[in-house]
Amino acid sequence: MGNAQNAKAKIEMCIGCHGIPGYKASFPESFQVPMIGGQSAKFIEGALKAYQKGDRKHPSMKGIAASLSDQDIADVAAYYSQQTASAK
Amino acid sequence: MKKLLIALACATVSYSAVAGGNIEAGKALTEKYSCFACHGKDFNSPIDPSYPKLAGQHKDYLVHALTAYKRGDAANGRNNAIMGGQVKALSDQDISDIAAYLHSLPGSLVSHR
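Residues numbered from 1 in each chain as written. Chains lettered and ligands numbered in written order. Predicted model: local features only at pLDDT ≥ 70, side-chain atom pairs only at ≥ 80, totals over all residues.

For chain A, the count of helices and strands is 5 helices and 2 strands. Element order for chain A, N to C, with α for helix and β for strand: α-α-β-β-α-α-α. Here chain A has a C-alpha radius of gyration of 12 Å; the compact-globule value for 88 residues is 12 Å, and the two agree. Seen through its C-alpha atoms, chain A measures out along the principal axes to roughly 35 × 30 × 20 Å. Long-range pairs, those at least 24 residues apart, make up 64% of the contacts in chain A with a sequence separation of at least 6. (Helix = DSSP H or I, 4+ residues; strand = E, 2+ residues; numbered from the N terminus. Rg over C-alpha atoms; globule rule 2.2 N^0.38 Å. Contact = placed C-beta atoms within 7 Å.)

Here's what the structure looks like:
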């Protein structure tokens, strides 16, 4: 079970890209990084695990996902799933 | 020279069509490929929490994701049984149109810290 409170110490790796509206990834392709706030926890968990496993191949996200434990992933997923337009 | 200018103009137009994407054409494609069957009629309420909300998502990210599914289990790709099948028949123009349509929809996704 993810704990959004516990995620606060773990999202430092996320906010440098996903916390900046309009931030663009530049390698290997250039695109605005996705908005992840408001996605379901289950989807975020699945995406992070797919980066870990290599089913999603993206160098930066693979490195970040590989550094997370299952509990870290659950906490981060809970944290971002609770974001709305008004509540952070 | 005149021919060259016309060729350049045509190239510019077709490039911007791909880059911009056609919302109406994209809507028709999402109906043709039944994207809503998983991602929800409004593309903001997927039928299962393991599927993402797409409404309002950045257009260039959607193009990147769909293109990655098309590459499949290769460099810079995504290996996913369902999405790999869904995108197989899509051209770059189709992908651009679908992305333009999904981006145009009102959604609840946010970028916060």
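Let's shift gears to the confidence of the model for chain B. Averaged over chain B, the pLDDT score is 89; the fraction of residues at 70 or greater is 83%. The model gives residues 10-16 of chain B a pLDDT under 50, and that stretch makes 0 contacts with residues more than four places away or in other chains. (pLDDT = per-residue confidence, 0-100.)

Right, let's talk about the interface of chain B and chain A for a bit. Contacts between the two partners involve 23 residues from chain B and, on the opposite side, 25 residues from chain A. In terms of residue class, the side of chain B that touches chain A is built from 8 nonpolar, 11 polar and 4 charged. (Nonpolar A, V, L, I, M, F, W, Y, C, P; charged D, E, K, R; others polar.)

For the bond from F27(A) to P28(A), the omega torsion is -5°, close enough to zero to count as cis. By the element assignment, P28(A) lies in the loop between β1 (24-25) and β2 (31-32). The residue F43(B) is not glycine, and still its phi comes out positive at about 60°. Tracing the sequence through the fold places F43(B) in the loop between α3 (36-39) and α4 (59-71). By the C-beta count within 10 Å, which is 21 here, F43(B) ends up buried. Of note, the phi angle at N76(B) is positive, near 60°, even though the residue is not glycine. Structurally, N76(B) can be placed in the loop between α4 and α5 (81-87). (Buried ≥ 20, exposed ≤ 12 C-beta atoms within 10 Å, placed from the backbone.)

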